[in-house]
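Here are the chains, one letter per residue:
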Amino acid sequence: MKIIKFLIGLIFIVIVVPIVATLVPTGPVKFMTVTGSSMEPTITSSDIIVVDTTKTQPVVGDIVSYHHTFEENQRFIVTHRIVGVEIGGYRTKGDAYTKADGYIVSPENVIGVMCFKIPYLGELVHFAGTSKGLLLLVIFPALTLIVQELREIIRLIER
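Residues numbered from 1 in each chain as written. Predicted model: local features only at pLDDT ≥ 70, side-chain atom pairs only at ≥ 80, totals over all residues. Heavy atoms only, no water.

## Focus: the pattern of salt bridges
Link 1 in the chain: Counted by the stated rule, this structure contains four salt bridges.
Link 2 in the chain: The shortest N-O distance in the salt bridge between Lys117 and Asp47 comes to 3.6 Å. Separated by 70 residues along the polypeptide, Lys117 in strand E7 (residues 110–118) and Asp47 in the loop between strand E1 (29–33) and strand E2 (48–52) bring together distant segments of the chain.
Link 3 in the chain: The partly exposed category is assigned to Lys117, whose relative accessible area is 32%.
Link 4 in the chain: The shortest N-O distance in the salt bridge between Glu86 and Arg91 comes to 3.2 Å.
Link 5 in the chain: Judged by relative accessible area, Glu86 falls into the partly exposed class, the value being 36%. (Salt bridge = Lys/Arg side-chain N within 4 Å of Asp/Glu carboxyl O. Helix = DSSP H or I, 4+ residues; strand = E, 2+ residues; numbered from the N terminus. Buried < 20%, exposed > 50% of the residue type's maximum accessible area, 1.4 Å probe, protein only.)

## Describing the sheet that holds strand E3 (residues 63–71)
In a beta sheet, neighbouring strands are held together by backbone hydrogen bonds and run either parallel or antiparallel to one another.
Link 1 in the chain: Strands sit in the order E1-E2-E7-E3-E4-E5-E6 across an open sheet of seven strands; the sheet is antiparallel. Both edges of this open sheet fall to E1 and strand E6 (104–105), since each of them pairs with a single strand only.
Link 2 in the chain: As paired elements, E1 and E2 share five bridges and run antiparallel to each other. By the bridge assignment for E2, Thr33 is matched with Ile48.
Link 3 in the chain: In this fold helix H2 (residues 121–128) packs onto E1, E2 and E7, with an angle of close to 105 degrees to the strand it touches most, E2. (Pairing = 2+ DSSP bridges. Contact = heavy atoms within 4.5 Å. Axes fitted to C-alpha atoms, helices over the stretch in contact; angles between N-to-C directions.)

## Section: the pairing of E3
Link 1 in the chain: In terms of strand pairing, E3 meets strand E4 (residues 74–86) through eight bridges, oriented antiparallel. Bridged to Ser65 within E4 is Thr79.
Link 2 in the chain: As consecutive antiparallel partners, E3 and E4 are separated by two residues, and within that stretch Asn73 has a phi angle of approximately 65 degrees, a positive value.
Link 3 in the chain: Note that E3 and E7 share three bridges and pair antiparallel. When the sheet's bridge partners are listed, Tyr66 is paired in E7 with Val110.

## Notes on the packing of aromatic side chains
Link 1 in the chain: The full count for this structure, using the stated rule, is two aromatic pairs.
Link 2 in the chain: Plain terms: the ring middles of Tyr66 and Tyr103 are 6.3 Å apart, the flat faces sit at 65 degrees to each other, and that makes the pair edge-to-face. With Tyr66 in strand E3 and Tyr103 in the loop between strand E5 (89–93) and E6, the pair connects residues that are 37 residues apart, well separated along the chain. The pair Tyr66 / Tyr103 is uniform in exposure class, with both members buried.
Link 3 in the chain: Relative to Phe76, the ring of Phe70 lies with its centre 5.9 Å away and its plane at 55 degrees, an arrangement referred to as tilted.
Link 4 in the chain: You can call Phe70 partly exposed: its relative accessible area is 46%. (Phe/Tyr/Trp six-rings, centres within 6.5 Å; stacked < 30°, edge-to-face > 60°.)

## Digging into helix H3 (residues 131–158)
Link 1 in the chain: Between its first and last C-alpha, H3 extends 38 Å over 28 residues, near the 40 Å set by a 1.5 Å rise per residue.
Link 2 in the chain: Remark: the principal bend of H3, roughly 30 degrees, maps to Ile139, with a proline, Pro141, within the next four residues. (Expected span 1.5 Å × (residues − 1). Bend = angle between axes of the 7 residues up to and from the residue.)

This is how it looks when you write it as structure tokens:
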């Protein structure tokens, strides 16, 4: 019984905490999922990246996340590498591309610099957003805990 509780706790820490961290603001450190392939192989869509929002003056070579508007009213967060510093901002490029982006990122649009990535958990976050993921990652574990607690209560009552 103690082993089961330990395993559930471990699963909670390893899986649920990063998933929740991608949804909830966490102060100066931001956890974000990746949806595209522009930074492969450095960052893949199965990764979660951790961005330090206190680093607002990145240098060439840093991987930064920033706000960018591609079309009218379509503002996205993009994560690319800084390949140059120019008047008015930063020149960026996805590692998977041969050419730099066709725009300059202004310093006020920079969210922060990537510190590290957590491999494979991004897939779990994407899966958690599906109905099957909700069932397997939230509802089933919750029901398992409820059943275990009910068994324990019944045992205590029978004694």
